[in-house]
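Topology and contacts: notes
Chain residues, written in single-letter form:
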Amino acid sequence: RHTRYWRDWSSDVCSSDLDDIISLGYVLVFLQRKRLPWQNIQKDRFKKIGEMKLNISFKELCKDTVPELIQYFEYSYGLGFLDEPDYDYLVTFAH
């Protein structure tokens, strides 16, 4: 039911490891901020959440979180759909 809070908006057609990585980033933001910027949207909810995810800057999304989350999103969104993520690098954000 709440999957759209976490999933990357562009993944409606086909999902990949990249979608999971980006979704984990949203979970990490939520755990630090206790909310996501799009959480209280009521009208045209799915469309507006998607628009927000496409237009929000990493700096704004990660406001009041550890600075490494910005790097996490920059890396994640820099990956192509078929790129193999560097999981060793991603694990460094968990420390």
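The present account deals with the structure reproduced in this document.

Rules behind the numbers
Residues numbered from 1 in each chain as written. Predicted model: local features only at pLDDT ≥ 70, side-chain atom pairs only at ≥ 80, totals over all residues. Heavy atoms only, no water. Patch = residues over 30% accessible without salt bridge, like charges linked within 9 Å, V, L, I, M, F, W, Y side chains within 5 Å. Areas by Shrake-Rupley, 256 points an atom, 1.4 Å probe, with all protein chains shown as cover. Salt bridge = Lys/Arg side-chain N within 4 Å of Asp/Glu carboxyl O. Lys, Arg positive; Asp, Glu negative; His and termini not counted. Charge placed at Lys NZ, Arg CZ, Asp CG, Glu CD. Helix = DSSP H or I, 4+ residues; strand = E, 2+ residues; numbered from the N terminus. Buried < 20%, exposed > 50% of the residue type's maximum accessible area, 1.4 Å probe, protein only. Arc of directions from axis to C-beta. Axes fitted to C-alpha atoms, helices over the stretch in contact; angles between N-to-C directions. Parallel < 35°, antiparallel > 145°, perpendicular 65-115°, else oblique. Left-handed = near helix turned anticlockwise from the far one by under 90°. Contact = heavy atoms within 4.5 Å. Nonpolar A, V, L, I, M, F, W, Y, C, P; charged D, E, K, R; others polar.

1. Topic: a negative patch on the surface
Taken together, the side chains of Asp 17, Asp 20, Asp 83 and Glu 84 make up a negatively charged region of the molecular surface. Mapped onto the secondary structure, Glu 84 falls in the loop between helix H5 (68-78) and helix H6 (87-91).

2. Quick notes on helix H3 (residues 45-55)
Turning to H3, its buried residues are Ile 49, Gly 50 and Lys 53. For H3, the angular spread of the buried residues around the axis is 100°, confining them to a single face. More than 90 degrees from the buried face of H3, the exposed residues found are Lys 47 and Asn 55.

3. Focus: the packing of helix H2 (residues 17-33) against H5
Where H2 contacts H5, the axes come no closer than 10 Å and their chain directions differ by 165°. The angle between the axes of H2 and H5 places the two elements in the roughly antiparallel class. Pair H2 / H5 crosses with left-handed handedness. The segment H2 lies against H5, with Leu 18, Ile 21, Ile 22, Leu 24, Gly 25, Tyr 26, Leu 28, Val 29 and Gln 32 engaging Leu 69, Tyr 72, Phe 73, Ser 76 and Tyr 77. Along the lines of polarity and charge, the residues of the contact of H2 with H5 split into eleven nonpolar, three polar and no charged.

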